[in-house]
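Chain and residue survey
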Amino acid sequence: MDPAQKEIAKKALKALNSRTELVARHLEPLLSHSMSEVYTKLPVNERAQFQVLISYAINSLFYTYLRTQGHNPQEHQVMKEIVRIENLLETKIGIH
């Protein structure tokens with residue numbers, strides 16, 4: 001790897017680390033309590049949103065995992081599920 005590529009990799013890693021820390025800060029209030037404790041405090045409509053968003057997050061993580069393992073997630077069943085959930089988010093929940 002030449003010096004320019006190393007510098008690009010360092011910057012990318014620093015940006016990734018920064019974004020990961022930001023996500024962790026945003027998730028901290030949710031993760032500081034048990035899932036059932038958080039879930040039971042939500043109104044019914046927010047429980048439904050929560051379930052859909054958790055499903056989207058899990059499928060997105062699996063999509064990313066497939067890519068890191070050298071597989072094409074576009075050809076995997078997970079892509080159909082992600083599209084299904086995205087449609088649900090847009091039509092039923094109003095998240096774009």
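Just so you know, these numbers come straight off a predicted model, no measurement behind them.

1. Remarks on the overall build of the protein
- From N to C terminus, the protein includes four helices and zero strands.
- Along the protein, helices (α) and strands (β) appear in the sequence α-α-α-α when read from the amino end.
- Compactness check: the protein gives a C-alpha radius of gyration of 17 Å against a globular reference of 12 Å for 96 residues, more than 25% above the reference.
- With respect to the three principal axes, the spread of C-alpha positions in the protein is 55 × 35 × 20 Å.
- Taken across its 96 residues, the protein has 15% of its residues classed as buried.
- Considering only intrachain contacts with a sequence separation of at least 6, the fraction spanning at least 24 residues in the protein is 35%.

2. Considerations on helix H1 (residues 3–31)
- In this model, H1 (29 residues) spans 40 Å end to end at C-alpha, consistent with the 42 Å of a helix rising 1.5 Å per residue.
- Within H1, the axis deviates most sharply at Arg 25, by approximately 30°, and proline Pro 29 lies no more than four positions further along.
- Capping of H1 at its N-terminal end is provided by Asp 2; its side-chain oxygen lies 2.9 Å from the backbone amide nitrogen of Ala 4.

3. Some thoughts on the packing of aromatic side chains
- Scanning the model with the defined rule gives two aromatic pairs in all.
- For the pair Tyr 39 and Phe 50, a centre-to-centre distance of 6.1 Å together with 50° between the ring planes defines the contact as tilted. Here Phe 50 lies in helix H3 (residues 44–68) and Tyr 39 lies in helix H2 (residues 35–40), a separation of eleven residues in the sequence.
- The interplanar angle of 25° and the centroid separation of 6.1 Å between the aromatic rings of Phe 62 and Tyr 65 together place this pair among those described as stacked. Separated by three residues within a single helix, Phe 62 and Tyr 65 lie in helix H3, roughly one turn from each other.
- When its relative accessible area of 34% is taken as the criterion, Phe 62 is described as partly exposed.
- Over the face of the ring belonging to Tyr 39 we find Arg 47, whose NZ or CZ atom lies 5.2 Å from the ring centre.

4. With respect to the side chain of Asn 59
- Looking at the element boundaries, Asn 59 is found in helix H3.
- What makes Asn 59 buried here is its relative accessible area of 14%.
- Not counting chain neighbours up to four residues away, the residues in contact with Asn 59 comprise Val 78, Glu 81, Ile 82 and Ile 85.

Reading the values: rules and limits
- Residues numbered from 1 in each chain as written.
- Predicted model: local features only at pLDDT ≥ 70, side-chain atom pairs only at ≥ 80, totals over all residues.
- Heavy atoms only, no water.
- Helix = DSSP H or I, 4+ residues; strand = E, 2+ residues; numbered from the N terminus.
- Rg over C-alpha atoms; globule rule 2.2 N^0.38 Å.
- Buried < 20%, exposed > 50% of the residue type's maximum accessible area, 1.4 Å probe, protein only.
- Contact = heavy atoms within 4.5 Å.
- Expected span 1.5 Å × (residues − 1).
- Bend = angle between axes of the 7 residues up to and from the residue.
- Polar contact = N/O pair within 3.5 Å; in protein donor to acceptor, adjacent residues only side chain to side chain.
- Phe/Tyr/Trp six-rings, centres within 6.5 Å; stacked < 30°, edge-to-face > 60°.
- Lys NZ or Arg CZ within 6 Å of the ring centre and 35° of its normal.

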